[in-house]
Amino acid sequence: MEQKFIQKIIFGSPGTGKSHMITSEIIPNELNIDSEENVIKAVFHPEYTYGDFMGKLLPMTKAGNVEYNFYEGHFLRALAQSYRNLFKAYDKEKKEITNYENVILVIDEINRGNSSAIFGSVFQLLDRETNGWSSYETTINGVVFFKLFELIGFEVASTTNHGEMATIKHPILTANRPRTVDDLNEVMKDIFKFDLVNKTIKIPPNLSIVATMNTSDSSIYHMDTAFKRRWEWEFIDVNENHSKKIKEAGEGIAFEKPKEWESFIGKLNQFIKSNHSYIRGIEDKQIGKYFIKTQDGKIDYAVVQSKLMFFIWDSVFNRDKKPLADLLGVPKDELVTFGDFALKVKEFIKAIQER
């Protein structure tokens, strides 16, 4: 049963209603989440670390002795909740019997923390297929793995002579009866993409990640190109009427076939290279054909606006917008904000195609 997932950064000026959009529209309407346990919230800041995101060992005093306990971070908690919901959607024969409940990890002020360092190995999981599963897996070891193992309801029933897991139990998957790790692992890998032996995971399709970003704070930490391209982007203009016009401009299909998109990308890269004097680091400012994944071979104007045009605006010609103004044949004063540029999505595509 295919269900929608969202992996998006909502950006704009402060006070434009980004967080309100998440709580009033995305959570209840787009994801149909009505349970607080399926909403995990984090706020990035300069002191926020990978340990806060994934989990970390912290000391505590018990009966006069210092002990270390592992406390899960926001991402690990969201991942565990999504797996718990997946398990509940399957019967004893491991057949999907119902739609699974969605989970959302909300990250406020994503650019106020060092995102690349905070996500760490999770970065690999952000590449996702159209069905919602991560395209690639990543390995988690040690206490992080065992904390996730515990959070999603597993229990070690017995161990080998070397202290490795031999048999495990789960209230749903094994009906609390011990099963060998190898026996259960086939099901876990096939259905849930969770390898108990090699300790690899993927983000499931019922886990959405939605973040907010104030454009005025974009200089606090640099977001690298590889990180940016793994997200959808949605711009909210300070002027509501302007936002509506931008949304209207983004309606419809920009590219009907992959070949059209690839031809466009080739011409766009030539445009970027021809304006290299305005750009720092020209090598990583060009666009690959997988920068946007096609949906049934098609790409909407809205995706070009929010993902490609924002990248062009914020990362490629971030120092000087003159090449964009010249391309569109407008005075530079008409391209003051990203909203001004996004409004001209059809003109932008046509101008590149006619080069």
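Everything here concerns the structure above.
Bear in mind the structure is a predicted one, so any value in this text is a computation, not a measurement.

Definitions and cut-offs
- Residues numbered from 1 in each chain as written.
- Predicted model: local features only at pLDDT ≥ 70, side-chain atom pairs only at ≥ 80, totals over all residues.
- Heavy atoms only, no water.
- Buried < 20%, exposed > 50% of the residue type's maximum accessible area, 1.4 Å probe, protein only.
- Helix = DSSP H or I, 4+ residues; strand = E, 2+ residues; numbered from the N terminus.
- Pairing = 2+ DSSP bridges.
- Patch = residues over 30% accessible without salt bridge, like charges linked within 9 Å, V, L, I, M, F, W, Y side chains within 5 Å.
- Areas by Shrake-Rupley, 256 points an atom, 1.4 Å probe, with all protein chains shown as cover.
- Salt bridge = Lys/Arg side-chain N within 4 Å of Asp/Glu carboxyl O.
- Axes fitted to C-alpha atoms, helices over the stretch in contact; angles between N-to-C directions.
- Contact = heavy atoms within 4.5 Å.
- Core = buried A, V, L, I, M, F, W, Y, C linked by side-chain atoms within 4.5 Å.
- Parallel < 35°, antiparallel > 145°, perpendicular 65-115°, else oblique.
- Left-handed = near helix turned anticlockwise from the far one by under 90°.
- Nonpolar A, V, L, I, M, F, W, Y, C, P; charged D, E, K, R; others polar.

**A short note on the pairing of strand β11 (residues 207–214)**
Link 1 in the chain: Of all 8 residues in β11, 8 are buried, a share of seventy percent or more.
Link 2 in the chain: By the alternation rule, side chains of β11 split into L207, I209, A211 and M213 and S208, V210, T212 and N214, which are all buried.
Link 3 in the chain: Bridge count between strand β5 (residues 103–108) and β11: 5 bridges; the pairing is parallel. Bridge pairing links I107 to A211 in β11.

**Things to note about a nonpolar patch on the surface**
Link 1 in the chain: On the surface, a nonpolar cluster with roughly 410 Å² of combined accessible area is contributed by L57, V66, Y68 and V143.
Link 2 in the chain: For V143, a relative accessible area of 41% puts it in the partly exposed group.

**Some details on the sheet that holds strand β12 (residues 232–236)**
Link 1 in the chain: The sheet built from 5 strands is open, its strands ordered β2-β5-β11-β1-β12 with parallel pairing. A strand with exactly one partner marks an edge of an open sheet, and here the two such strands are β2 (39–43) and β12. The sheet shows a mean angle of 20° between the axes of neighbouring strands, direction not considered.
Link 2 in the chain: Pairing of strand β1 (residues 7–12) with β12 involves 5 bridges; the strand directions are parallel. Bridge pairing links G12 to I236 in β12.
Link 3 in the chain: Where helix α3 (residues 74–88) meets the sheet, it contacts β2, β5 and β11, and its direction lies at approximately 165° from that of β5.

**Let's talk about the side chain of E234**
Link 1 in the chain: Along the polypeptide, E234 turns up in strand β12.
Link 2 in the chain: Its relative accessible area of 19% is what places E234 among the buried residues.
Link 3 in the chain: In this structure, E234 is in contact with K8, I9, I10, F11, M21, K247 and S306, ignoring residues within four places of it in sequence.

**Brief notes about the sheet that holds strand β7 (residues 155–159)**
Link 1 in the chain: Strands sit in the order β7-β8-β9 across an open sheet of 3 strands; the sheet is antiparallel. The two strands at the open ends of the sheet, each matched to only one other strand, are β7 and β9 (179–180).
Link 2 in the chain: As paired elements, β7 and strand β8 (residues 165–169) share 4 bridges and run antiparallel to each other. Within the sheet, the bridge partner assigned to V156 lies in β8 and is I168.
Link 3 in the chain: In this fold helix α5 (residues 142–151) packs onto β7 and β8, with an angle of close to 30° to the strand it touches most, β8.

**A few points about the pairing of β8**
Link 1 in the chain: In this antiparallel pair of consecutive strands, β7 and β8, the connection spans 5 residues, and G163 shows a positive phi of 85°.
Link 2 in the chain: The pairing of β8 with β9 spans 2 bridges and is classified as antiparallel. Residue pairing for β9: I168 is matched across the bridge by R179.

**Let's talk about the nonpolar core**
Link 1 in the chain: Core analysis: the largest hydrophobic core is formed by 99 residues, its most contacted members being F75, I110, L268, L308 and F348.
Link 2 in the chain: Per element, the largest residue contribution to this core is 9 residues, and it comes from helix α10 (residues 301–316).
Link 3 in the chain: Those residues in contact with L308, other than ones at most four positions away along the chain, are W261, F264, L268, I287, F291, I292, V303 and F348.
Link 4 in the chain: Judged by nonpolar contacts, the second largest core, of 12 residues, contains I10, L31, I104 and I236.

**So, the packing of helix α9 (residues 258–274) against α10**
When two helices pack together, their arrangement is given by the angle between the helix axes and the distance between those axes.
Link 1 in the chain: Contact geometry for α9 and α10: axes closest at 14 Å, N-to-C directions at 15°. In this view, α9 runs roughly parallel relative to α10, as classed from their interaxial angle. The two elements α9 and α10 meet at a crossing, and its hand is right-handed. Listed contacts from α10 to W261, F264, L268 and I272 of α9 are L308, I312 and V316.

**A closer look at the environment of Y50**
Link 1 in the chain: Following the sequence through the fold, Y50 ends up in helix α2 (residues 50–54).
Link 2 in the chain: The class for Y50 is partly exposed, based on a relative accessible area of 31%.
Link 3 in the chain: Placed 65 residues apart in sequence, Y50 and S115 show a C-alpha to C-alpha distance of 9.0 Å.

**Some remarks on the packing of α3 against α5**
Link 1 in the chain: Between α3 and α5, whose axes approach to 9 Å, the crossing angle comes to 40°. The orientation of α3 relative to α5 falls into the category oblique. Between α3 and α5 lies a crossing of right-handed hand. Across the interface between the two elements, L76, L79, A80 and R84 from α3 touch V144, K147, L148 and L151 from α5.
Link 2 in the chain: Counted by class, the contact of α3 with α5 contains 6 nonpolar, no polar and 2 charged residues.

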